Amino acid sequence: MFDETYDVVIVGAGHAGCEAAHAAARMGLDTALYTMNADLIAQMSCNPAVGGIAKGHLVREIDALGGLMGVVADEAGIQFRLLNTSRGPAVWSPRAQEDKAGYRILMRRALEQTPNLFIKQAEVTELLFDGSKVAGLELLDGRRVAAQAVVLTTGTFLNGLIHIGEKQFTAGRNGEPASIELGNCIRSIGFEWGRLKTGTPPRLDRRTIDFTVFQKQEGDGEPTPFSFRTSRRLENRVCCHIAQTDERIHDIIRRNLQRSPLYSGQIQGIGPRYCPSLEDKVVKFADKDHHQIVLEPEGIDTHEIYVNGMSTSLPIDVQREILSSMKGLESAAMIRPGYAIEYDFVQPTELQPWLETKKVQGLFFAGQINGTTGYEEAAAQGIMAGINAGRRVRDQVPLVLKRSDAYIGIMLDDLVTKGTNEPYRMFTSRAEFRLNLRIDNADRRLTPIGREAGLVTDEHWAGYLERQSRLASMHAHLETAKPDPKHSFFESRSLQLRDRPSFATLIRRPEIRLEELIREGLLGAQHLRREDLISIESAIKYEGYLKQQEREIEKLRHAEARRLPEDIDYATMPGLSREIVEKLSRVRPQSIAQASRIPGITPASITILLFHLEMRRNQARAESTV
């Protein structure tokens, strides 16, 4: 007996939950989004920022698919920077400081304006099943909710435990209750689970900081938006400030390491290697005489300052001593102390490539429950889980993005194929084809997919088609049009154009930039945005490399096309070691390509799999002729 019925139910309204709920509802499915506090939808538990290296790529891809994060981040952004611009465009990544409260308000507004989506405030305590299928869930107040698909996006709330020095207490975030009953329910299903740890720094009162002693970190003169749908010029409204630790502060940390739950043995979970706590930095990088700290405003209408780079679980009195020993922060008042939090996660090898659990049909996981860290990684999983939950309800083939399609595809493949024993975060170095996965072409790669899935609106689609037309027209013009060789632009650079090359041929030279040609009056392109120019120039300048990558992508497609049957029994294959059989049986790879990416799978093992596939094919052929 159920009190309410929906097609899809999302549990948790963090960044994964918001994207999952929006995606399922956009597909026309009755969708409920359950959260323990509807006033904290899309809460930024840690830093008040979106994007960063590789993370900005994920936000662009979410936007291209029809998701919300990029649109909301542009609207709530208060400082914008494009990172990695000293390197090639493949690794350029946007990052924005966000108005923390504004982001939360705007995201809730976007969800409330989404048809078919219903926001519910209640604690989910138990999942309900019909055999090996999910049937719905039960709430703390006893109500039962039916659903054909359930997406869990529980963040750090599953059996969450906060540490501040010797003090520890259960919580999902500081000031919010942990999800104990649901956590125990998930453990009881039989998933392989573990404990991870993350942390957050103290927050300070802006009015008690002497900013004059710090280096300013300004936003870009021409901000880069996250969303292809953002047409207005973005505005930088705040300035960040850069500080540094010194040996005096490091000595304070060393003297108090025995009081750190990280080093006393109190914390059992594994923390993020690429975003270590301040005490971890001092211990593991003992040769460094300083570490960078960035003071980041949490919003326009608040005095709260986020101390980026000072994540810590040291006792409050030690945190105060560290702050008062830093020049410019001698009188800084702490609004909230830093803390560490341990929480349950499920080993992502328990998932299909489309984020559905292997043990329970219709049950999907997204976000930190899968062992990832970061708002952007969570949101990217959320949108894919929402799409595939909708497809499960409609009995459609799941959507799986390939490694050559998107950073999202790389992340999901890494998780379900390799698993993780530490919080996973995205890096551009994880991409084999990163020149083909630039931020400027995310729409070309993914917007048609988002349209087919039902997420991309008519207005979004029209804008996409218009942009592709602009790019194609300008590209064709550059391939045929030729500049005046006597123009002062060439004379000032001592360039001699003997054969009157086309503009495209000129742009292939490393020292020639398309923006310069337009600025000098050789080309007219008033109708093109800066993003368009970057996209056109990258396609021309790196044409040879892109063609080479396309050949490599074709090889990968060929390997991905060699599918492994779902009923394959690896234990019956002669030549496979017990360890190899265990790995293949646990991951259940979909293809030869995925099998080859499982850690520990040898080339000899792949040869055996190929031989087995050929034997099955020959047997099927022989049976068909009988």
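Per chain, the residues get numbers from 1 upward, laid out in the order the sequence is written. Selection of residues for local features in this predicted model requires a pLDDT of at least 70, selection of side-chain atom pairs for listing and counting requires 80 or more, and totals for whole chains, interfaces and linings are taken over all residues. Side-chain measures were taken over the full set of non-hydrogen atoms in the model, leaving aside hydrogen atoms and water.

Quick notes on the sheet that holds strand 3 (residues 49-51)
Thinking step 1. If DSSP finds at least two bridges between two strands, the strands pair. Strands are runs of DSSP state E lasting at least 2 residues, helices are runs of H or I lasting at least 4, and numbering of each runs from the N terminus. Strand order across the open sheet formed by three strands is 3-5-4, with antiparallel pairing between neighbours. Of all strands in the sheet, those with a lone pairing partner are strand 3 and strand 4 (77-83), marking the two edges. Ignoring which end each strand starts from, the neighbouring axes of this sheet average 20° apart.
Thinking step 2. With three bridges joining them, strand 3 and strand 5 (residues 93-98) adopt antiparallel strand pairing. When the bridges of strand 5 are listed, Gly 51 appears paired with Arg 95.
Thinking step 3. By definition in these notes, contact holds between two residues if any of their heavy atoms fall within 4.5 Å. Only the stretch in contact is used when fitting a helix axis, every axis being a line fitted to C-alpha atoms; angles between N-to-C directions are given from 0 to 180 degrees. The strands touched by helix 2 (residues 55-65) are strand 3 and strand 5; relative to strand 3, the strand with the most contacts, the crossing angle is about 80°.
Thinking step 4. Sheet strands touched by helix 3 (residues 69-76): strand 3, strand 4 and strand 5. Its angle to strand 4, the strand with the most contacts, is close to 115°.

As for the side chain of His 22
Thinking step 1. Note on placement: His 22 falls in helix 1 (residues 15-26).
Thinking step 2. Exposed residues in this analysis have more than 50% of their type's maximum accessible area, buried residues have under 20%, and partly exposed residues fall in between, with area computed by a 1.4 Å probe over protein chains only. Residue class for His 22 comes out buried when judged on its relative accessible area of 6%.
Thinking step 3. Among all residues touching His 22, those that are not within four sequence positions of it are Gly 66, Gly 67, Leu 68, Leu 111, Thr 114 and Leu 117.

Points about helix 13 (residues 458-480)
Thinking step 1. In this model, helix 13 (23 residues) spans 33 Å end to end at C-alpha, consistent with the 33 Å of a helix rising 1.5 Å per residue.
Thinking step 2. Along helix 13, the residues classified as buried are His 460, Tyr 464, Arg 467, Gln 468, Arg 470, Leu 471, Met 474 and Leu 478. Expected span, for any helix, means 1.5 Å times one less than how many residues it has.

Describing the pattern of salt bridges
Thinking step 1. In the sections that follow, a salt bridge refers to a side-chain nitrogen of Lys or Arg positioned within 4 Å of a carboxyl oxygen of Asp or Glu. In this structure the tally under the stated criterion is 54 salt bridges.
Thinking step 2. The partner of Glu 422 in a salt bridge is Arg 273, and the shortest N-O contact between them spans 2.4 Å. With Glu 422 in the loop between helix 11 (407-418) and helix 12 (442-453) and Arg 273 in the loop between helix 7 (261-264) and helix 8 (278-284), the pair connects residues that are 149 residues apart, well separated along the chain.
Thinking step 3. Judged by its relative accessible area of 15%, Glu 422 is buried.
Thinking step 4. The exposure class assigned to Arg 273 is exposed, which follows from its relative accessible area of 51%.
Thinking step 5. One salt-bridge network, held together by shared partners, links Arg 403, Asp 413, Asp 414, Lys 418, Glu 432, Glu 560 and Arg 597.

So, unusual backbone geometry
Thinking step 1. With a phi close to 70°, Asn 84 is a non-glycine residue in the positive phi region.
Thinking step 2. Within the secondary structure, Asn 84 sits in the loop between strand 4 and strand 5.
Thinking step 3. Notably, Leu 355 is not glycine yet its phi reads approximately 75°, a positive angle.
Thinking step 4. The residue Leu 355 is located in the loop between strand 19 (339-346) and strand 20 (363-365) in this model.
Thinking step 5. The exposure class assigned to Leu 355 is buried, which follows from its relative accessible area of 1%.

A word on the nonpolar core
Thinking step 1. Core analysis: the largest hydrophobic core is formed by 99 residues, its most contacted members being Val 9, Tyr 103, Val 150, Leu 152 and Ile 408.
Thinking step 2. With 10 residues, helix 10 (residues 375-393) is the largest single contributor of residues to this core.
Thinking step 3. Setting aside chain neighbours within four positions, we find Val 9 in contact with Ala 32, Tyr 34, Leu 137, Val 145, Ala 147, Ala 149, Val 150 and Val 151. By nonpolar core we mean a set of buried residues, namely Ala, Val, Leu, Ile, Met, Phe, Trp, Tyr and Cys, connected to one another through side-chain atoms within 4.5 Å.

Concerning the packing of aromatic side chains
Thinking step 1. For Phe, Tyr and Trp, rings pair up if their centres lie within 6.5 Å, where Trp contributes its six-membered ring, and each pair is then called stacked (planes under 30 degrees apart), edge-to-face (over 60) or tilted (otherwise). In the structure shown here, the tally under the stated rule is five aromatic pairs.
Thinking step 2. With 6.0 Å between their ring centres and 45° between their planes, Tyr 6 and Phe 118 make a pair best called tilted. Remark: Phe 118 occurs in strand 6 (residues 117-121) and Tyr 6 occurs in strand 1 (residues 4-11); sequence separation between them is 112 residues.
Thinking step 3. For Tyr 6, a relative accessible area of 9% corresponds to the buried category.
Thinking step 4. What makes Phe 118 partly exposed here is its relative accessible area of 38%.
Thinking step 5. Their ring planes at 70° and their centres at 4.5 Å tell us that Tyr 274 and Phe 427 sit as a pair that is edge-to-face.

Brief notes about the sheet that holds strand 10 (residues 161-164)
Thinking step 1. Strand order across the open sheet formed by four strands is 11-10-19-12, with antiparallel pairing between neighbours. At either margin of the open sheet sits one strand with a lone partner, and together these are strand 11 (167-170) and strand 12 (193-200). Averaged over all pairs of adjacent strands, the angle between strand axes in this sheet comes to 25°, irrespective of strand direction.
Thinking step 2. Here four bridges tie strand 10 to strand 11, and the two strands are oriented antiparallel to one another. By the bridge assignment for strand 11, Leu 161 is matched with Thr 170.

That's the geometry; what it means functionally is another story.
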